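Structural characterization, general
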Amino acid sequence: MTSAFRKPDFWTVVTGVILVVLVVLLLFPIVRVLMLSFVDADTLKWTLGNYVEVFTRNYYLSGLRNTLFVGIFGTLGACLLGVPLAFFTARFRLKGRAWISTLAILVLVAPPFIGAYAWIMMLGSNGFITNFFERIGIDVPTIYGAHGIILVFTLKFFPFVFLMTQTALMAVNKSFEDAAENLGCTPWQRFVKITLPLVFPAISTGAIICFVLSIADFGTPAILGRGFRTLSTIAFSAYRSELGGLPTMAVTVSMIMIVISMLALLVQRRILAKRRYASSLTNLPVKTQLTGWRNAAVHGFCHGVVLIAMLPTLVVVYTSFLKTNGPVFVGGYGLESYDRILRTAPEAITNSFIFAGAAVVLIMAFSALISYVIVRRETAISGVIDFLMMVPYLIPGVVMAIGFVTTFRSGFMSGMGAAWLLILLYFIRRLPYGVRSTASSLRQIKPSIEEAAINLGAPPLSAFLKITVPLILPGLIVGSLMGFITAINELSGTLILYDAGTITMPVSIYLAVLDGEFGLAAALSTVLLLCTGICVYLVFRFTENRDNAFI
Amino acid sequence: MASVEITGLRKLYGDVVALSDINISIPSGSFFTLLGPSGCGKTTLLRTIAGFHAQNAGQILVDGKPIEGLPAHRRDVGMVFQDYAVFPHINVRDNVAFGLKQRKVSASEITKRVDDVLDVVQLAAFADRMPHELSGGQQQRVGLARAIVIRPKVLLMDEPLSNLDARLRVDLRAELRRIQRDLGITTVYVTHDQEEALAMSDTVCVMHQGVIQQAASPLDTYLRPLNRFVAAFVGGNNFLSLAKTGTQFALESGGAIVLDTPLKADIVCAVRPETLHVSPGRVVPSDTEIAIPATLLDVSFVGREMEVVTTIDAGKKMKSLARPDPAIIGLQAGSAVTLIANLDDLSFFEASETGGRVG
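Cut-offs used in this document
Residues numbered from 1 in each chain as written. Chains lettered and ligands numbered in written order. Predicted model: local features only at pLDDT ≥ 70, side-chain atom pairs only at ≥ 80, totals over all residues. Heavy atoms only, no water. Helix = DSSP H or I, 4+ residues; strand = E, 2+ residues; numbered from the N terminus. Axes fitted to C-alpha atoms, helices over the stretch in contact; angles between N-to-C directions. Left-handed = near helix turned anticlockwise from the far one by under 90°. Contact = heavy atoms within 4.5 Å. Nonpolar A, V, L, I, M, F, W, Y, C, P; charged D, E, K, R; others polar. Salt bridge = Lys/Arg side-chain N within 4 Å of Asp/Glu carboxyl O. Buried < 20%, exposed > 50% of the residue type's maximum accessible area, 1.4 Å probe, protein only. Parallel < 35°, antiparallel > 145°, perpendicular 65-115°, else oblique. Expected span 1.5 Å × (residues − 1). Phe/Tyr/Trp six-rings, centres within 6.5 Å; stacked < 30°, edge-to-face > 60°. Lys NZ or Arg CZ within 6 Å of the ring centre and 35° of its normal. Pairing = 2+ DSSP bridges. Patch = residues over 30% accessible without salt bridge, like charges linked within 9 Å, V, L, I, M, F, W, Y side chains within 5 Å. Areas by Shrake-Rupley, 256 points an atom, 1.4 Å probe, with all protein chains shown as cover. Buried area = accessible area lost by both parts, 1.4 Å probe. Polar contact = N/O pair within 3.5 Å; in protein donor to acceptor, adjacent residues only side chain to side chain.

**Some points on the environment of alanine 171 of chain A**
Turning to its location among the elements, alanine 171 of chain A is positioned in the loop between helix 7 (146-170) and helix 8 (174-182). Along the backbone, alanine 171 of chain A and alanine 90 of chain A are 81 residues apart, and their C-alpha atoms lie at a distance of 9.8 Å.

**Here's the deal with the packing of helix 1 (residues 10-36) of chain A against helix 16 (residues 380-388) of chain A**
All names here are of chain A. Put simply, helix 1 and helix 16 touch, their axes get as near as 11 Å, and they point 35° apart. The way helix 1 lies across helix 16 gives a crossing that is left-handed. Contacts between helix 1 and helix 16 involve Thr15, Ile18, Leu19, Leu22, Leu26 and Leu27 from the first element and Ile381, Ile385 and Leu388 from the second. Residue composition of the contact of helix 1 with helix 16, by class: eight nonpolar, one polar and no charged.

**Comments concerning the pattern of salt bridges**
Scanning all chains against the criterion turns up 18 salt bridges over all chains. Linking glutamate 451 of chain A and arginine 47 of chain B is a salt bridge whose minimum nitrogen-to-oxygen distance equals 2.6 Å. You can see glutamate 451 of chain A sitting in helix 20 (residues 447-455) and its partner arginine 47 of chain B sitting in helix 1 (residues 42-50), one on each of two chains. Take glutamate 451 of chain A and arginine 47 of chain B: they sit in the same class, and that class is buried. Salt-bridge contacts for arginine 113 of chain B lead to glutamate 109 of chain B; the nearest nitrogen and oxygen are separated by 3.2 Å. Here arginine 113 of chain B pairs with glutamate 109 of chain B, and both are found in helix 3 (residues 107-120), just four residues apart, close to one helical turn. Assessed through its relative accessible area of 33%, glutamate 109 of chain B is described here as partly exposed.

**Overview of the packing of helix 20 of chain A against helix 21 (residues 460-488) of chain A**
Residues and elements named next belong to chain A. In the contact formed by helix 20 and helix 21, the axes pass within 9 Å of each other and the chain directions differ by 155°. If you check the angle between helix 20 and helix 21, you find them roughly antiparallel. With respect to the hand of their crossing, helix 20 and helix 21 are arranged in right-handed fashion. Residues Ile449, Glu450, Ala453 and Ile454 of helix 20 lie in contact with helix 21, whose contacting residues are Ala463, Ile467, Thr468 and Leu471.

**Notes on helix 18 (residues 397-408) of chain A**
Residues and elements named next belong to chain A. Across its 12 residues, helix 18 extends 16 Å between first and last C-alpha, which sits within 8% of the 16 Å expected from 1.5 Å per residue. A large share of helix 18 lies buried, amounting to 12 of its 12 residues. Every buried residue of helix 18 is accounted for by Gly397, Val398, Val399, Met400, Ala401, Ile402, Gly403, Phe404, Val405, Thr406, Thr407 and Phe408.

**Remarks on the packing of aromatic side chains**
Enumeration over the complete set of coordinates arrives at 28 aromatic pairs over all chains. With 5.0 Å between their ring centres and 75° between their planes, tyrosine 59 of chain A and tyrosine 60 of chain A make a pair best called edge-to-face. Residue classification places tyrosine 60 of chain A among the buried positions, given a relative accessible area of 7%. Here the aromatic cluster, defined as three or more aromatic residues joined through ring pairs, consists of Phe87, Phe88, Phe92, Trp188, Phe191 and Phe301 of chain A. Lying across the ring of phenylalanine 239 of chain B, arginine 228 of chain B places its NZ or CZ 4.4 Å from the centre. The ring of tyrosine 222 of chain B carries arginine 272 of chain B above its face, with NZ or CZ at 3.9 Å from the centroid.

**Thoughts on the sheet that holds strand 7 (residues 154-158) of chain B**
Residues and elements named next belong to chain B. Sheet architecture is open: six strands sit in the order 6-7-8-3-9-10, paired in mixed fashion. At either margin of the open sheet sits one strand with a lone partner, and together these are strand 6 (77-80) and strand 10 (211-216). Strand-to-strand, the axes of this sheet are offset by a mean angle of 20°, without reference to chain direction. Bridging between strand 3 (residues 31-35) and strand 8 (residues 186-191) involves five bridges; their strand directions are parallel. Each bridged residue has a counterpart across the sheet, and for phenylalanine 32 the counterpart in strand 8 is valine 188.

**Some points on the side chain of arginine 141 of chain B**
Residue and element names in this part refer to chain B. Tracing the backbone through its elements, the reader meets arginine 141 in helix 4 (residues 136-148). By relative accessible area, which is 16% here, arginine 141 ends up buried. The residues touching arginine 141, leaving out its near neighbours within four places in the chain, are Val121, Gln122, Leu123, Leu172 and Glu175.

**As for a nonpolar patch on the surface**
Residues and elements named next belong to chain A. A contiguous nonpolar patch, built from Leu68, Phe69, Ile72, Phe73 and Leu76 and spanning about 420 Å² of accessible area, is present on the exposed surface. Relative to the helices and strands, leucine 76 is located in helix 3 (residues 58-91). With relative accessibility at 45%, the residue leucine 76 sits in the partly exposed group.

**Quick word on the interface of chain B and chain A**
Taken together, the contact between chain B and chain A spans 31 residues of the former and 25 residues of the latter. Interface area for chain B against chain A, summed over the two sides, is near 2,500 Å², with a carbon-plus-sulfur share of 62%. Counting the contacts that link chain B with chain A gives one salt bridge. In this assembly, chain B and chain A are joined by eight residue pairs in polar contact (both at pLDDT 80 or more). Elements with a contribution of two residues or more to the side of chain B that touches chain A: strand 6, helix 2 (92-102) and helix 4 of chain B.

**Looking at the environment of valine 268 of chain B**
All names here are of chain B. Here valine 268 shows up in strand 14 (residues 267-271). Sequence separation of valine 268 and phenylalanine 249 is 19 residues, and the distance between their C-alpha atoms is 9.2 Å. Not counting residues up to four positions away in its chain, the partners in contact with valine 268 are Arg228, Phe239, Leu240, Leu242, Ser347, Phe348, Phe349, Glu350 and Ala351.

**What to know about the sheet that holds strand 19 (residues 336-342) of chain B**
Residues and elements named next belong to chain B. As summarised here, the arrangement of the five strands in space is 15-19-16-17-18, forming an open sheet in which the pairing is antiparallel. The open sheet has two edge strands with one neighbour each: strand 15 (277-280) and strand 18 (317-322). On average, each strand axis in the sheet is inclined to that of its neighbour by 45°, with strand direction left out of account. For strand 17 (residues 306-311) and strand 18, the ladder comprises six bridges, and the chain directions are antiparallel. Within strand 18, the position partnered with glutamate 307 by the bridge is leucine 321.

Spelled out as structure tokens, the structure:
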């Protein structure tokens, strides 16, 4: 390179800063977890003993089995609901299709632990459905244990399979199906032999997401488990019992969770690598109008699934308006539960907004910069950053939080308060949402636009702020809203990091549920659902505009 | 207004040589075109001048001052992009004013200069429109106005007309040339369209595989191509194999002796399609002509002219262009014809891809 030309170019500096932030906030905690899992808690010497213990003691082994069991069956259940739903909405004329998609998205963004405790209110030992059937003499199996967790996972995670499969089905060139029919396939054969294989990559992607989220989920097994332990609840209680010492067993269990997630992702990669169906959309699929009982059955299934999935949310909102006296429902309606939030836990609401808000400000700034580096700078380092953006998806919240505690509560960053740790935890875990959405916006913009600005005399930062940022703003806003929704609903990591002054809404709800304070939990959940709903509405607004905003 | 001097420029992508020892001299105010097939390095050269690529060796001097030390945003060279690159979120006026604002020009002068330049590109009525309300041709006028309003030392244009439809391309071509002449602005223009290059340029610079093949006036480029590549790329040529006996070279088809030279290399004979006449049947040539027996393959009549494809021995295809002739158009494929060319219209090149001109 000649002279001063490419010396400290603006984007090289930015790339460096990004790399430092990711190394400190992402890699340090993970490496710390990895290292601690090889340390003996008493002697502080290197050892494989922790892993030996996990793989020999029944307590841990059954946890591993349980995790895989609910993960696999929860995923299967999600596929059994999601795939038919996607096929029906993509291929048949349905009344209220937009409504079905909207409900599915609402189910997707609502925190899973709310579903879990709403099902307790319906099917728990004192649930109203249980009580109803008992009165007429029928014994209903309770919701607690593996089947309850699988039920909640199924109803909570099917929208991933549904939405991804639906998108893929809409993009399958109809000529393929016409050709199959022309060659003599019955509609069913055509579906099994042509359509299903074509959308299989999408189904598998949705299924892997379900599986990874099921493995990582803490709230559902914590609330519904009753002795049925999964790795995330084991890691959490190990961490609690090891407080004061080194949390070596907690991190060892965490490592097992990371490995399972990574294996799932590798499987997914292999599936996708072998199947790439580029489809030119010359011949869009057409929706057919069903008649008679088929029409009624398809309508019934589609609306039934989303309504049942929404049921927990409705129950929660309804419960929040029941009249209570302390933890007891006394019959009739009232606003006591909301009154109690204001009296006992107003700071949970403000904390939640402050932490999630601060995290989102960071997410916005870094998403814009990181997506530019990933999309526009084809260097080895930008490849590394792109890869690192996958990592937070793989690390369960409990694990990341344990990594944060073990890394930042000692050594050079030990001065940081719980509030800062929570903000940084939300930031690093939800950053990929912002980056992914912003990067896909940026890919739509031709690089020549920025070059034109530079050619006209704008320095790189100025070209970025005046030209690039306004053009990627819709993607940036959508990504940030998604980040906000998931940050404000975060439970498992917060449970590990929070202290007296930094309680959040999900933690308050979780604690209220454990105390049997269902009214209080319902009111807090309703507040949480409300702001989640507002964010979803905003996302809809911005994604709609995105298409015709800057063409 | 400035002259551009490029010496010993070299650009590598890994092991691939994108530009190899480029030496160019562009006089102030002239229109200099880089012409070549895709991948020949013409766009790389343009973007290197703009500062979007750093060269591995060599110098670029604008008005005698080296510019490779300057980052792209301080080079003061205007650029017009193939895909217009009009900022989609601000209106025409703000697009054109962008570079002036970067240069901290006063608001009143910005208004005046933007109004003037919009008059020049005939977009005064569109100043407050958003880019998506403009046609492709209008967007490219905005691109041009935006580049020239900053009064750059050099104007760079990267295939600015290639995304437009054929008629508009011809109209805008003339307009670009007019504006360039009026402003007297030194211009480097990139295109793969030889007609565009010949019609617009003061100098046409033909590139191939990162190497400059010839830089000359349009007429010289067409009439006296320096090597076989230029002869083939600009205007197209039929190449005939020659058989060598001592110092004499004879056509392999027809046998006429066309060249007498002591050169050792293999040599081919080039004849332009429009100088190769097709006659039905077998014809005996005059003393100043050659005649090649051929078989008619296909005639396409496209209105103003007809394109006749014939095969000579060994199945080699020959192309000729001529005024439509019912006697030829009416012939059946497979008919015997004779290809006739004037000896003065033949030129000779060494047989390699970039073999030099002989004689």
